[in-house]
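# Chain and residue survey
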Amino acid sequence: MPAVTVPDITVLPRIPEPDVTALDRPVRSVTTAPSGFEGEGFPVRRAFQGVDMRDLDPFLHMDQMGEVEYAPGEAKGTSWHPHRGFETVTYIIDGTFEHQDSHGGGGEITNGDTQWMTAGAGLLHIERPPEQLVVTGGLFHGLQLWVNLPRADKWLEPRYQDLRAGAAALLSTPDGGALVRLIAGELAGHTGPGSTHTPMAMAHATVSPGAQARLPWRRDFNALVYVLSGTGTVGPQRRPVRTGQLAVFGPGDTITIAADPTQESRLSGLDVVVLGGLPIHEPVAWAGPFVMNTRAEVLQAFEDYQRGKLGVVPATYVPHGAG
């Protein structure tokens, strides 16, 4: 169950029912994320694998990290690595992760917190479980999203946003059947705390068994729904979806998500991440940790990294087990 819940959903601001003239966005595709490993070996699902980049724009990549119950000594993270030309959004649903970057940003995020890191012109960073989680083990579940930056913003000074769980706008559907945590962007007149360079919206919704959520959505945004856990249907066609699947929607005004009446006993409902953004419509040259507009810019990024121009590991950094 996600860490951010409410004791009484009926007191939350309501997302109004869309107008009867609103066009329900059809589902264009449903894909299943393959499993893999990231960093030093933590399990992930590659949410966008096999989806045309034109359908994802301005988003590039998303990993669901876990859900996993680590045994003592099992928890893993990444080593220091560079980024340039885009933003990383790390959302921790359950558990704890530590972040540090060469530009002075970072900290511990846990149980509904989000780290929004604008790599811009370039930096180094590291993500890892805290020492206590490594020693004792425990639950870990989150996701990391990569958001492209338009050409004009790729050389911005790096920036770090520490978005605490309590800052997210909490909303409900008219009948109280769904809890929506708005992390960034605007939904039904409410605004999430994340400040974005590329116009976009990001929300985490829990739809109770048998309930439905119809969310108003900007017509000029694309629309994606990724299933974190549970089973249900999406769109007017009621396309079946389950854990680890991504639905890409066509044009329209609303997104419909419904949870099956019966879910696994450990689940509180159908948990999904809802994403949408204004497409950038610019060339994408992408290699490893760098996302630029041209191949020459990517090669320059690798050269700058090798020359130490993207930053250095802070002298205050202490590896786990050292000291």
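All of the points below concern the structure found in this document. (Residues numbered from 1 in each chain as written. Predicted model: local features only at pLDDT ≥ 70, side-chain atom pairs only at ≥ 80, totals over all residues. Heavy atoms only, no water.)

### Quick word on the sheet that holds strand β9 (residues 114-118)
Note the following rule: Strand pairing is defined by DSSP finding a minimum of two bridges between the two strands. Starting at the N terminus, helices and strands are each numbered in turn, a helix being any DSSP run of H or I of at least four residues and a strand any DSSP run of E of at least two. Lines fitted to C-alpha atoms define the axes, with helix axes restricted to the stretch in contact, and inter-axis angles between N-to-C directions lie between 0 and 180 degrees.
Spatially, β2-β3-β4-β11-β6-β9-β12 is the arrangement adopted by the seven strands of the open sheet, whose pairing is antiparallel. Each end of this open sheet is capped by a strand with a single partner; those strands are β2 (35-38) and β12 (159-163). Each adjacent strand pair in this sheet contributes to an overall mean axis angle of 25 degrees, direction not counted. Note that β9 and β12 share five bridges and pair antiparallel. Note that in β12 the partner of Q115 across the bridge is D162.

### Description of the sheet that holds strand β1 (residues 27-32)
Reading across the sheet, the seven strands line up as β1-β22-β19-β24-β17-β14-β13 and stay open at both edges, with antiparallel pairing between neighbours. In this open sheet, the two strands that pair with only one neighbour each are β1 and β13 (169-172). Within the sheet, the average angular offset between the axes of one strand and its neighbour, ignoring direction, is 20 degrees. The sheet contact formed by β1 and strand β22 (residues 245-249) spans five bridges and is antiparallel. Residue T31 lies in a different strand from β22, and its bridge partner there is L246.

### Concerning the environment of I15
Which entries qualify depends on this criterion: The contact criterion used throughout is that any non-hydrogen atoms of two residues lie within 4.5 Å.
Relative to the assigned elements, I15 resides in the segment before β1. Remark: the alpha-carbon pair of I15 and A213, spanning 198 residues in sequence, is separated by 9.2 Å. Those residues in contact with I15 that sit more than four places away from it in its chain are L171, S172, T173, P174, V180, L187, A188, R214, L215 and P216.

### Regarding the packing of aromatic side chains
Operational definition: Stacked, edge-to-face and tilted are the three classes for Phe, Tyr and Trp ring pairs, Trp counted by its six-membered ring, which pair at centre distances within 6.5 Å; planes under 30 degrees apart are stacked, over 60 edge-to-face, the rest tilted. Relative accessibility under 20% of the residue-type maximum defines a buried residue, over 50% an exposed one, and the middle range a partly exposed one, all with a 1.4 Å probe and only protein chains included.
Counted by the stated rule, this structure contains five aromatic pairs. With a centroid separation of 4.8 Å and 90 degrees between ring planes, the pair formed by F290 and F302 is classed as edge-to-face. Of this pair, F290 sits in strand β26 (residues 290-292) while F302 sits in helix α3 (residues 295-306), and the two are twelve residues apart along the sequence. F290 gets classed as buried once you look at its relative accessible area, which sits at 0%. In this structure F302 comes out as partly exposed when scored by relative accessible area, which is 29%.

The analysis is restricted to geometry; functional conclusions fall outside its scope.
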